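The lines below spell out each chain.
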Amino acid sequence: LNLSYSLADHAITLDVTRKASDRGLYTRPLLSRNEIETLGVVALPNWIARPGGEEDSSIDNTSRGREMYMNRVLSCTTEYVEPPKSKTLRKLFSGWVPGPGERRPEDERGRGSRMDGDEDSKHVTAYSTSKSPQDDNEDDDNDDFEEVRSRSHSRQQILMEPLPVRTVTTRIRPDVLCGAVMTALTTAVEKIGGEMTKRQGGHLRAIIPGRKMRVWMPGEWEREQSKVDEERDSEEQIRNTSFGSHDDSDSHSVASMLSSISFSSPGKAPKSRRPTFKVLPPYLVDAQLVTKKLGKECERVLLIRVYRIQDIAQQRSGSEDQEELLDVPAPLDLSANVDLKSDGKIIDLELESKRSVSALQDAASLVQRLKAVGGEGFAIDQPQPMLTPLDEQDNESVASHASTKSYLKSFGDVITSPIRYLSGSSVAPLLTSPTPSGSKTNTVMGLMSMELRRKCQASPSVGAYSKSDKSNGLYPCLAKEDAPYVQSSWIFLKACIEELDEHCLGYSTLGVSPLFQSPSLAQIDVHYIAQIKAFCRESMIVSLVKTASELEVYAREQEVSCSNLDHLLRPTFDAYKLAPPPLPKPVPLTAYPLDFQPPEELCPPWGPDVMKVLEKISDESTNDETRLSSFEHAMRAVSLVVAAFQRQHDVEQGSRLGRKNMQCMDRLAKMQAHKRNSILKIRDSYGSNLLATNAADDYHLLRQKSSNAGSLSDTIHSIPDQVPLLICNVLVGNAAGTCFITSSHILFHTQLVPIIGGDKVHLFSIKDVELTINPPSKAMLSPLPASISLTTSISRNKATREEVYHFIPSIGARRFAKFLEVVRDVLVENPDTLKLTERGGLIYMYDEPK
């Protein structure tokens, strides 16, 4: 039985996951289950607090059902442990637009020609071999290539895109307006004293000021609050006494004197510790309502990124586009920094923000160790369960003390273990984390967190991070410069989630407010439908490009073969002083007909299939006959819309593939026609061209010397009309020779003894022989290139073949074989199969006048 507690087990405990839909990035829930239940930022239905109180059959109020509901609520708001880059976000979300300081894809492509007009600037795309396998989250468009820019003198420093210190996503209901979500964010910004700098559609940007917060000691807030309550009660009691005797002014003065005496002691006041304050820095928030891609499905999420203001200002100082001014408001003085809930709960914002950062630091140190040693590279042995006698079961303190010693012993075993996964300096002093309770530090989870914190490496700041610094990764919560920004942003994130939950905009409110019911819409939001359409169209384009690339590769292979034939026949045309046929002109894809009508024109604005699905969803929401929960109903409604868009795009993809297939077939026909015309022009030049006629006569004289002329299945006619298409040198054994290729035969003329004399001629029909390419010789003393074997069948069924000739051509074995394959295709094809015109091939095949 394995009782060790590994890093993979600790990741499950902290809910740290690495999903394929997140491009390998590590994520964690922003709010823990304890925070959801105590902070009150998310409204929970009554059947969660009172199990069995609901009798609705659509509600699973069992323990399993309650656990599934809480897991759904936890997964609604997630946080990325490492800051994702813009290229990764572009692949993760549909409807995403570049944030502050980030460039658009078209700007990145044209950046090389618009930098600063330096003529000495050179832009080179080079192959990069320095990509580390540990760099799992580096998801660039060109994984194997990097851009290298060399200059003789640089007048402007190229700044990298600013990275956020915190990236959070929270799910949004599909039946709420985009404007309602942005209004809730605006309210959250105004509540904490922020200023809006941009609001356009589903994109919002704001500057949140810094704040001065008092650091309360444990129990200090309660003591201060009790003193204030006592003073308030005393003043109210005196006020009531004075109101009861309006005619007696002396009694009023006496009461005032007694009150002043009782609340102001003449003696020396006791010394009290001065309060401690902490100043949190200002930051910039960029929020976008986007659609997250999940394979063939999608989710509506609100992407929130928090930036340091100095990074954005530094980025814009070197650029020409000033999108909005960064006027940082004055810091707010929140000495009390407490949040009083309607149910009487008092929440210390400074303490809760520390806990949030501490939980994120635990996750970051875990991810850092996972990347270094893996999920099973380090473990803590759990203590064996202790069995106490029955008479000692009441002595809980002894058992607790023994259990603590056992855990500490396990922790000591870890310290003295020979496993050393990381060494060097520990992380720099960060925020003062809240003191964990003794029960937590005595558990194996607490011991693992303490050990990970002790061994984790300090992370560079997002403002000083470079691509060359990839040893330990980038974790803003583990950077001394960025940790205060992470803590400061928690107050905005809390206010944002509260506003979304209060107005029933968050996805978790589906358990409280049903889908498509007031105050929500009776249909899916138009903004969300537009992003779903863009997501499905992007998927269609990816599939279309992949399939069309396969057709394009085959067509280009035939064009390369045609170019090879043209290159080999060029010396022959020059020797016979013949004009080669012109190469076919390419025809653009748009010149071919596209048999497709956009569905938006048939049934605006989304197409017939989508409109039918939307009507079906609307009818189901009005009839309320479904027994699905609101979460399942929302997933089903979105899936139906996605499937409808995919069906419409499948029709468009089929039409566009048909047009691409027509273009490729036209190109193939043109290449085949060009090959055929080139060979036929040389073959038919006998009698009309003197040089070609003389070459054919010389070839006919050599044919008559052939030792195997009578064994050919197709006997050569007596008329010498075989004009050589290609003449090249060959090596047959140890003898050198010449090879002649005509439109139907191959002739080898070799010299037996070079000095004394003597030759030998072999003639073969192209129809009867097949070529086999042999690999080159690997002998150290006599290395030879690839050779060719000619084989012919020795039986009628052509199953058994034997080698009749072996040689090495001077033009290369593969080029020789490709050339002979083209000559054989022209020889055996029916000239009436393709009826092509001079206007350009198959595109005009059906437009010929009758």
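Residues numbered from 1 in each chain as written. Predicted model: local features only at pLDDT ≥ 70, side-chain atom pairs only at ≥ 80, totals over all residues. Heavy atoms only, no water.

### Describing the overall build of the protein chain
Step number 1: Across its full length, the protein chain carries 21 helices and 25 strands.
Step number 2: Burial status across the protein chain gives 42% buried among its 850 residues.
Step number 3: Across the protein chain, contacts joining residues at least 24 apart in sequence account for 72% of those joining residues at least 6 apart.
Step number 4: Element-wise, carbon and sulfur atoms account for 53% of the exposed surface of the protein chain, whose accessible area totals about 46200 Å². (Helix = DSSP H or I, 4+ residues; strand = E, 2+ residues; numbered from the N terminus. Buried < 20%, exposed > 50% of the residue type's maximum accessible area, 1.4 Å probe, protein only. Contact = heavy atoms within 4.5 Å. Areas by Shrake-Rupley, 256 points an atom, 1.4 Å probe, with all protein chains shown as cover.)

### With respect to the nonpolar core
Generally speaking, a soluble globular protein has its nonpolar side chains buried in company with each other.
Step number 1: Val181, Leu302, Phe492 and Ile532 are the most contacted members of the largest nonpolar core, which totals 98 residues.
Step number 2: If one sorts the elements of this core by residue count, helix H15 (residues 483-502) sits on top with ten residues.
Step number 3: Excluding residues within four positions of it along the chain, Phe492 makes contact with Ala188, Val189, Ile192, Ile208, Tyr283, Val285 and Ile304.
Step number 4: The next biggest cluster of nonpolar side chains, apart from the first, holds 36 residues, and it includes Leu726, Ile741, Leu790 and Ile811. (Core = buried A, V, L, I, M, F, W, Y, C linked by side-chain atoms within 4.5 Å.)

### As for the packing of helix H16 (residues 526-576) against helix H21 (residues 813-828)
Axes are the key here: two packed helices are described by the angle between their axes and the distance separating the axes.
Step number 1: Direction vectors running N to C along H16 and H21 enclose 95°, while the axes themselves pass 10 Å from each other. In terms of their interaxial angle, H16 and H21 are classed as roughly perpendicular. Two secondary-structure elements touch here, H16 through Ser561, Asn564, Leu565, His567, Leu568 and Leu569 and H21 through Arg815, Lys818, Phe819 and Val822.
Step number 2: Taken together, the residues of the contact of H16 with H21 sort by class into five nonpolar, three polar and two charged. (Axes fitted to C-alpha atoms, helices over the stretch in contact; angles between N-to-C directions. Parallel < 35°, antiparallel > 145°, perpendicular 65-115°, else oblique. Nonpolar A, V, L, I, M, F, W, Y, C, P; charged D, E, K, R; others polar.)

### Describing the pairing of strand E19 (residues 726-732)
Step number 1: Burial of the side chains of E19 is restricted to one face: Leu726, Cys728, Val730 and Val732 are buried, whereas none of Ile727, Asn729 and Leu731 on the reverse face is.
Step number 2: Strand direction decides the pairing type here: E19 and strand E20 (residues 735-741), joined by seven bridges, are antiparallel. Note that in E20 the partner of Cys728 across the bridge is Cys739.
Step number 3: Counting the residues between successive antiparallel strands, the hairpin from E19 to E20 contains two residues, one of them, Gly733, with a positive phi of roughly 65°.
Step number 4: Pairing between E19 and strand E25 (residues 801-809): two bridges, direction antiparallel. Each residue of the ladder has a partner; that of Val730, found in E25, is Pro809. (Pairing = 2+ DSSP bridges.)

### Notes on the side chain of Thr750
Step number 1: Inspection of the secondary structure puts Thr750 in strand E21 (residues 745-753).
Step number 2: When residues no more than four places from it in sequence are discounted, the contact partners of Thr750 are Val732, Ala736, Gly737, Gly758, Asp759, Lys760 and Tyr805.

### Observations concerning the side chain of Ser685
Step number 1: With respect to the helices, strands and loops of the structure, Ser685 is situated in the loop between helix H19 (630-683) and helix H20 (690-704).
Step number 2: Ser685 sits in the buried class, given a relative accessible area of 3%.
Step number 3: A polar contact of 2.6 Å, which involves the side chain of Ser685, links it to the backbone oxygen of Ile682.
Step number 4: Sequence-distant contacts of Ser685, that is, excluding residues within four places in its chain, are made with Leu578, Ala692, Thr693 and Val723. (Polar contact = N/O pair within 3.5 Å; in protein donor to acceptor, adjacent residues only side chain to side chain.)

### A few points about the pairing of E25
Step number 1: Here strand E24 (residues 787-793) runs beside E25; their pairing, made up of six bridges, is antiparallel. Counted as the bridge partner of Ser793 is Arg801 from E25.

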